[in-house]
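Residues per chain are reported as follows:
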Amino acid sequence: MLTAEQDAKERRVAWTMLVLCPLSFLFIMVFVIIGVAPGLTTGDGHPAIYLEATCVLWALVSMFLPILRLLRLVQMPPAFLVVVYANMYFYVISLNMGLYLGVSWWGDMGHVVSSTIVTITVFIALCVMECRSPPHVTFGRRTGMVAMLFLVALSFGGIWEMMEGFTDTAGGHSYMVYGASDTMGDLSADLLGVIIMCIGVYAYLGKHTAYDIYSTMRFGRDAFVVEGHDGD
């Protein structure tokens with residue numbers, strides 16, 4: 001059960017994120033609109049419409065978790081929010097600065113970083129499944145959890161590459177895909193990030209359980225009842 005002070009604090013943070021995060025992404029877009037974003041001119045550059053669409057998309061994505069908290073449906077650990085949102089800004093700022101095109105290794109590093117975030121997110125989801133499923137439905141020992149984590153997390157790299165291909169096909173330009181070697185390099189970087197996190201999770205589960213992760217978050221309206229209130 002939440003204290004009134006804790007609930008008020010979390011709601012203030014959620015409102016702040018809901019307002020400032022989208023505005024910050026739209027502020028980045030201003031530099032594209034006025035034509036001074038380095039990502040427009042570095043190397044071959046990106047079309048303005050692609051950079052603008054990216055800023056708008058991530059502005060919308062950044063609203064998702066704060067809205068869930070304000071609706072009293074999901075509250076994620078603060079550390080998780082920091083890591084996820086840092087990755088959002090890392091991607092958008094790097095793209096608008098032209099680092100993916102201007103620095104040869106930047107794209108690979110970006111995919112390693114992003115895949116680690118995806119793997120963390122998938123691990124949290126698997127912990128929730130483990131704790132909310134019937135007692136006889138589990139992943140078994142930590143090997144089973146890590147195996148499932150590896151397969152699911154790695155699949156997101158392929159999904160991202162397919163999304164990039166679809167974007168290029170729909171737009172009629174090579175916005176995101178620069179050839180087969182680029183795609184394979186991205187997938188290899190994704191694999192590295194997933195392996196690193198799977199090793200870390202395997203070690204973590206040697207001394208902890210899925211419940212240790214699950215207990216740091218809240219799901220469902222019943223988890224948001226405030227002391228002295230019946231809920232809303």
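Scroll up a little and you will see the structure.
Residues numbered from 1 in each chain as written. Predicted model: local features only at pLDDT ≥ 70, side-chain atom pairs only at ≥ 80, totals over all residues. Heavy atoms only, no water.

Visitor: Run through the packing of aromatic side chains, naming residues and quoting values.
Guide: Aromatic ring pairs: the centre-centre distance and the angle between the two ring planes describe each pair. Applying the stated criterion across every chain yields a total of 10 aromatic pairs. Ring plane angle 85 degrees and centroid distance 5.9 Å describe the contact between Tyr91 and Trp160, whose orientation is recorded as edge-to-face. Taken together, the positions of Tyr91 in helix α4 (residues 78–97) and Trp160 in helix α7 (residues 142–171) put the pair 69 residues apart, joining distant regions of the chain. Through a chain of ring-to-ring contacts, the aromatic side chains of Trp58, Tyr91, Tyr100 and Trp160 assemble into a single cluster. Residue placement shows Arg142 over the ring face of Tyr202; its charged tip is 3.8 Å from the ring centre. (Phe/Tyr/Trp six-rings, centres within 6.5 Å; stacked < 30°, edge-to-face > 60°. Helix = DSSP H or I, 4+ residues; strand = E, 2+ residues; numbered from the N terminus. Lys NZ or Arg CZ within 6 Å of the ring centre and 35° of its normal.)

Visitor: Run through the nonpolar core, naming residues and quoting values.
Guide: By size, the foremost hydrophobic cluster in this structure holds 43 residues, and its most contacted members are Met76, Tyr85 and Phe123. Only α1 (4–33), α2 (48–61), α3 (64–70), α4, α6 (106–132), α7, α8 (180–204) and α9 (210–214) provide two or more residues apiece to this core. Top contributing element to this core by residue count: α4, with eight residues. Residues contacting Tyr85, with those up to four places away along its chain left out, are Met17, Cys21, Ser62, Leu65 and Pro66. (Core = buried A, V, L, I, M, F, W, Y, C linked by side-chain atoms within 4.5 Å. Buried < 20%, exposed > 50% of the residue type's maximum accessible area, 1.4 Å probe, protein only. Contact = heavy atoms within 4.5 Å.)

Visitor: A description of unusual backbone geometry should follow, citing residues and the corresponding values.
Guide: With a phi close to 60 degrees, Arg72 is a non-glycine residue in the positive phi region. Tracing the sequence through the fold places Arg72 in the loop between α3 and β1 (74–75). When its relative accessible area of 11% is taken as the criterion, Arg72 is described as buried.

Visitor: How would you explain the packing of α4 against α6 if you had to name every residue and give the values?
Guide: Axis separation between α4 and α6 bottoms out at 11 Å; the angle between their running directions is 155 degrees. Between α4 and α6, the angle falls in the class roughly antiparallel. Of the two elements, α4 crosses α6, and the hand of that crossing is left-handed. Residues Phe80, Val83, Val84, Asn87, Phe90 and Ser94 of α4 lie in contact with α6, whose contacting residues are Trp106, Met109, Gly110, Val113, Ser114, Ile117, Ile120, Thr121 and Ile124. Grouping the amino acids of the contact of α4 with α6 by side-chain chemistry returns 10 nonpolar, five polar and no charged. (Axes fitted to C-alpha atoms, helices over the stretch in contact; angles between N-to-C directions. Parallel < 35°, antiparallel > 145°, perpendicular 65-115°, else oblique. Left-handed = near helix turned anticlockwise from the far one by under 90°. Nonpolar A, V, L, I, M, F, W, Y, C, P; charged D, E, K, R; others polar.)

Visitor: Outline the layout of surface pockets, supporting the account with residue identities and numerical values.
Guide: Quantified by volume, the largest pocket comes out at close to 1200 Å³. Contributing to the lining of the largest pocket are 45 residues, with Trp58, Asn87, Ser114, Val118 and Trp160 lying nearest its centre. When residues of the lining of the largest pocket are traced back to their parent elements, those giving at least two are α2, α3, α4, α5 (99–102), α6, α7 and α8. Looking at which element gives the most residues to the lining of the largest pocket, the answer is α6, with 13 residues. In this structure, the second largest pocket encloses a volume near 310 Å³. Taken together, 19 residues form the lining of the second largest pocket, with Val13, Met17, Gln75, Met76 and Leu81 sitting closest to its centre. Looking at the lining of the second largest pocket, the elements that each hand over two or more residues are α1, α3, β1 and α4. In terms of residue count, α1 provides more of the lining of the second largest pocket than any other element does, six residues in total. (1 Å grid on protein atoms, 1.4 Å probe; cavity = no way out; pocket = protein on both sides within 12 Å on 5 of 7 lines; lining within 4 Å. Points joined across faces, edges and corners; volume = space filled by probe spheres on them.)

Visitor: I'd love a proper account of the side chain of Asn87, names of residues and values included.
Guide: Positionally, Asn87 belongs in helix α4. On the basis of relative accessible area, Asn87 is assigned to the buried category, the value being 15%. Among the polar contacts made by the side chain of Asn87, one reaches the side chain of Ser114 at a distance of 3.5 Å. (Polar contact = N/O pair within 3.5 Å; in protein donor to acceptor, adjacent residues only side chain to side chain.)

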